[in-house]
Amino acid sequence: MTDGISDESADVVGVLTERIEARFDMGMDQLKAAVAAAPTANPDATDVVKWHGLLVEAQSVLERAEDDLLAALETQPSEVDDPTMGLAHRVNAAVTTRDGRAMVVRWLLDPDAPGKKDLAAQRLARLRPRSGPAVQTSAPNRPAGTLAPASAWRLARSAR
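Not measured: the values here are computed from a predicted model. (Residues numbered from 1 in each chain as written. Predicted model: local features only at pLDDT ≥ 70, side-chain atom pairs only at ≥ 80, totals over all residues. Heavy atoms only, no water.)

S.K.: Go over the overall build of the chain with me, naming the residues and quoting the values.
M.R.: The helix and strand inventory of the chain stands at 6 helices and 0 strands. Each helix and strand of the chain, placed in order from N terminus to C terminus, yields the pattern α-α-α-α-α-α. Here the chain, with 160 residues, has 22% of them falling under the buried criterion. A sequence separation of at least 24 residues applies to 54% of the contacts in the chain between residues at least 6 apart. Within the structure as shown, the chain displays about 11400 Å² of accessible surface, and the carbon and sulfur contribution to it stands at 56%. (Helix = DSSP H or I, 4+ residues; strand = E, 2+ residues; numbered from the N terminus. Buried < 20%, exposed > 50% of the residue type's maximum accessible area, 1.4 Å probe, protein only. Contact = heavy atoms within 4.5 Å. Areas by Shrake-Rupley, 256 points an atom, 1.4 Å probe, with all protein chains shown as cover.)

S.K.: Would you mind going over a nonpolar patch on the surface in detail, with residue names and values included?
M.R.: On the surface, Leu70, Leu73, Val80 and Met85 cluster together into a nonpolar patch covering about 340 Å² of accessible area. Of note, Leu73 is situated in helix H3 (residues 43-74). (Patch = residues over 30% accessible without salt bridge, like charges linked within 9 Å, V, L, I, M, F, W, Y side chains within 5 Å. Salt bridge = Lys/Arg side-chain N within 4 Å of Asp/Glu carboxyl O.)

S.K.: An account of the nonpolar core is requested, with residue identities and associated values reported.
M.R.: By size, the foremost hydrophobic cluster in this structure holds 16 residues, and its most contacted members are Ile20, Phe24 and Leu31. Listed by contribution, the elements that provide at least two residues to this core are helix H1 (12-24), helix H2 (28-37), H3 and helix H4 (82-109). Sort the elements by how many residues they give to this core and H1 lands first, with 5 residues. When sequence neighbours within four positions are dropped, the list of residues in contact with Ile20 reads Met28, Leu31, Val48, His52, Val105 and Leu109. Judged by nonpolar contacts, the second largest core, of 7 residues, contains Ala65, Ala72, Leu87 and Ala94. (Core = buried A, V, L, I, M, F, W, Y, C linked by side-chain atoms within 4.5 Å.)

S.K.: Provide a residue-level description of the environment of Leu31, including the pertinent values.
M.R.: Residue placement: Leu31 occurs in helix H2. Taking the C-alpha atoms as reference points, Leu31 and Thr46, 15 residues apart in sequence, are found 8.9 Å from one another. Filtering out sequence-adjacent residues up to four positions away, Leu31 remains in contact with Ile20, Phe24, Met26, Ala45 and Val49.

S.K.: Before we move on, could you go through unusual backbone geometry and cite the residues and values that matter?
M.R.: The backbone of Asp25 sits at a positive phi, close to 55°, despite the residue not being glycine. Along the chain, Asp25 turns up in the loop between H1 and H2. On the accessibility criterion, Asp25 (69% relative accessible area) is exposed.

S.K.: Can you tell me about the side chain of Arg98, naming the residues and giving the values?
M.R.: The topology assignment puts Arg98 in helix H4. You can call Arg98 buried: its relative accessible area is 9%.

S.K.: Which residues make up the confidence of the model for the chain, and what values go with them?
M.R.: Should pLDDT be low for a region, the predicted coordinates there are not to be read in detail. Confidence along the chain averages 82 in pLDDT terms, with 70% of residues attaining 70 or more. In the model, residues 1-9 has pLDDT below 50 throughout and makes 10 contacts with residues more than four positions away in sequence or in other chains. (pLDDT = per-residue confidence, 0-100.)

S.K.: So what about H4? Which residues, and what values?
M.R.: Over its 28 residues, H4 extends 41 Å from the first C-alpha to the last, a length consistent with the 40 Å expected when each residue adds 1.5 Å. Listing the buried residues of H4 in full gives Thr84, Leu87, Val91, Ala94, Arg98, Ala102, Val105, Arg106, Leu108 and Leu109. Considering only its buried residues, H4 is in contact with H1 and H3. (Expected span 1.5 Å × (residues − 1).)

S.K.: Explain the environment of Val49 residue by residue, including any values.
M.R.: You can see Val49 is positioned in helix H3. Judged by its relative accessible area of 13%, Val49 is buried. When near neighbours in sequence (up to four residues on either side) are disregarded, Val49 contacts Leu31, Lys32 and Val35.

S.K.: Break down a negative patch on the surface for me, citing the residues and quoting the values.
M.R.: A contiguous patch of negative charge, built from Asp11, Glu18, Glu63, Glu66 and Asp67, is present on the exposed surface. In terms of residues, the negative patch owes the most to one element, H3, which gives 3 residues. Note that Glu66 resides in helix H3. In this structure Glu66 comes out as partly exposed when scored by relative accessible area, which is 33%. (Lys, Arg positive; Asp, Glu negative; His and termini not counted. Charge placed at Lys NZ, Arg CZ, Asp CG, Glu CD.)

Structure (structure tokens):
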């Protein structure tokens, strides 16, 4: 692979963490603190920190699943039973989840990744979450029995 991560790499999280730290020129703890203090200051950093956290979580799930499978295999005779096969499927699912999240982190770190510079990327950038609603999304609080301005206007107009 050209991104520095081989299929055989056992420490995907470590490699990506190093790339994140190099990209933002600070340690992960510092970057997390900076994002927590000002989540809208650098949307790229916010996205990377979010997905890195999901990646670390997926790696932990994978390690637990592998440990459970190894423990089960040590007690198995020559044939694998259904519960142990279920553990193997759990490991496969955990690997898939971890690898998918790693792909997202790699994509976020690559400024020239497909889809980052085209029209669709520009549209997505405009849809980033805002700090608050652009327009009021709920009716204003009015004392009971008072009419909304439009209703009051219609009522006054119909009385003429």
